[in-house]
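These are the residues of each chain, in order.
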Amino acid sequence: MMKQITVLSGKGGTGKTSLVSAFASLAKNKVLADCDVDAADLHLILKPEIIEENDFRALKTASIDGEKCTRCGECVKYCVFDAISDYLVNPLACEGCAVCELVCPVDAVSMNEKNAGKTFISNTRCGPLVHAILYAGEEASGKLVALVRKKAKDVAQDKGLDLIIIDGSPGIGCPVIASLSGADLALIVTEPTISGLHDLERIVGVTEFFKIKSMVCINKYNINREKTIEIKKYCLRNNIPVAGEIPYSGDFTKAMVQAKSIVEYGGDVSQIVKGVWDEVNNSIR
Ligand code: SF4
Ligand code: SF4
């Protein structure tokens, strides 16, 4: 039976992608899905060879047919986003509400889907990767995350793979919910800081709402041991297993510079990360 693990964090830069790339080196029979579409960087480590590329069409934008337009100004008057000037629509300002289409007396406005990004299916040395880019200024990242996950599932089914490892979006917004929904396990990567504990509590609120089992990994646990104890107590109180505690290590950056996962790079900390994977893998299997 296919399982899905989503790796999450309250904000970017907590080591989430380092952990996902390490899992990519360790896990068998899996597809990787980079759902951190606003700041995708798993590809920097995994160096994918793209085998399929598709446009991602999202929000509609208005466009005005200059031949039909009588320059009555109705659309300009009603566009609350000030997206129309000189009877032309600024696609970056248009929110796709279609009010201009409704008010135009001569049917000069049409609503067209716009290209908001791209999705990719790639081969990597660690197995197939589904990833995406969202063009600057686009906001349909929840929809794009859902599409990446769907494609990852299709790849897993086609290739007979039984695990999807998802690099989730940070935070608790719509893309995070899209990264999480239907997952079998959420691994929440946190750091022992004031905001780290606060973010952890907020993500746990989301995983509990969706009834998704959670585990926690404390990264850089030794930068603030008091906070680490606080996080562990919180986890104990809330019945959330701690999959492991990883010390601060410059090896993560060195591995990244060499486009390697920490497991490929080696060293003491890689053994600790392997221990985290064993906990996660045992929990899901
Ligand atoms: S679709 Fe809405 S936001 Fe876009 S130009 Fe028309 S009225 Fe303005
Ligand atoms: S409402 Fe229609 S006809 Fe009037 S200015 Fe806008 S596009 Fe042109």
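From a predicted model like this one, the values you see are computed outputs, not experimental measurements.

Let us look at helix H5 (residues 141-159). Between its terminal C-alpha atoms H5 stretches 27 Å, which fits the 27 Å expected from 19 residues at 1.5 Å a residue. Those residues of H5 that fall on the buried side of the exposure criterion are Ser141, Lys143, Leu144, Val145, Leu147, Val148, Arg149, Lys151, Ala152, Val155 and Ala156. The inward-facing, buried residues of H5 contact strand S2 (30-34), strand S3 (49-64), strand S6 (109-124), strand S7 (127-134), strand S8 (163-167) and helix H6 (174-180). Gly160 lies just past H5 and shows a positive phi near 70°.

Relative to the helices and strands, Val20 is located in helix H1 (residues 16-26). The sequence separation of Val20 and Val204 amounts to 184 residues, and the corresponding C-alpha distance is 19 Å. Ignoring sequence-local partners within four residues, the contact set of Val20 consists of Val7, Leu42, Ile165 and Asp167.

Where H1 meets helix H11 (residues 268-284), the axes come as close as 10 Å, and the angle between the chain directions of the two elements is 75°. Relative to H11, the element H1 lies roughly perpendicular. Where H1 abuts H11, its residues Leu19, Ala22, Phe23 and Leu26 lie against Val273, Lys274 and Trp277. Its residues assigned to classes, the contact of H1 with H11 shows 6 nonpolar, no polar and 1 charged.

A few words now on the pairing of strand S1 (residues 3-9). Counting buried positions over the 7 residues of S1 gives 6, a clear majority of the element. Both S1 and S8 contribute to a ladder of 5 bridges, which runs parallel. Note that in S8 the partner of Ile5 across the bridge is Ile165. In the sheet, S1 pairs with strand S9 (residues 185-190) via 5 bridges, with the strands oriented parallel. Its bridge partner being in S9, Ile5 is matched across the sheet by Leu185.

What follows covers unusual backbone geometry. One non-glycine residue, Asp82, lies in the positive phi region at around 50°. Note that Asp82 resides in the loop between helix H3 (74-78) and strand S4 (84-85). In this structure Asp82 comes out as exposed when scored by C-beta crowding, with 10 C-beta atoms within 10 Å. Despite not being glycine, Ala259 has its phi angle at roughly 55°, a positive value.

When the parts come together, some accessible area is lost, and that loss is often what is quoted as the size of the interface. Here the domain parsing of the protein chain yields domain 1 (3-47 + 125-284) and domain 2 (59-115). The centre of domain 1, based on its C-alpha atoms, is set 41 Å off from the matching centre of domain 2.

By secondary structure assignment, the location of Gly173 is in the loop between S8 and H6. Taking the C-alpha atoms as reference points, Gly173 and Val206, 33 residues apart in sequence, are found 9.6 Å from one another.

How each quantity is defined
Residues numbered from 1 in each chain as written. Chains lettered and ligands numbered in written order. Predicted model: local features only at pLDDT ≥ 70, side-chain atom pairs only at ≥ 80, totals over all residues. Helix = DSSP H or I, 4+ residues; strand = E, 2+ residues; numbered from the N terminus. Expected span 1.5 Å × (residues − 1). Buried ≥ 20, exposed ≤ 12 C-beta atoms within 10 Å, placed from the backbone. Contact = placed C-beta atoms within 7 Å. Axes fitted to C-alpha atoms, helices over the stretch in contact; angles between N-to-C directions. Parallel < 35°, antiparallel > 145°, perpendicular 65-115°, else oblique. Nonpolar A, V, L, I, M, F, W, Y, C, P; charged D, E, K, R; others polar. Pairing = 2+ DSSP bridges. Domains from an automatic or database assignment.

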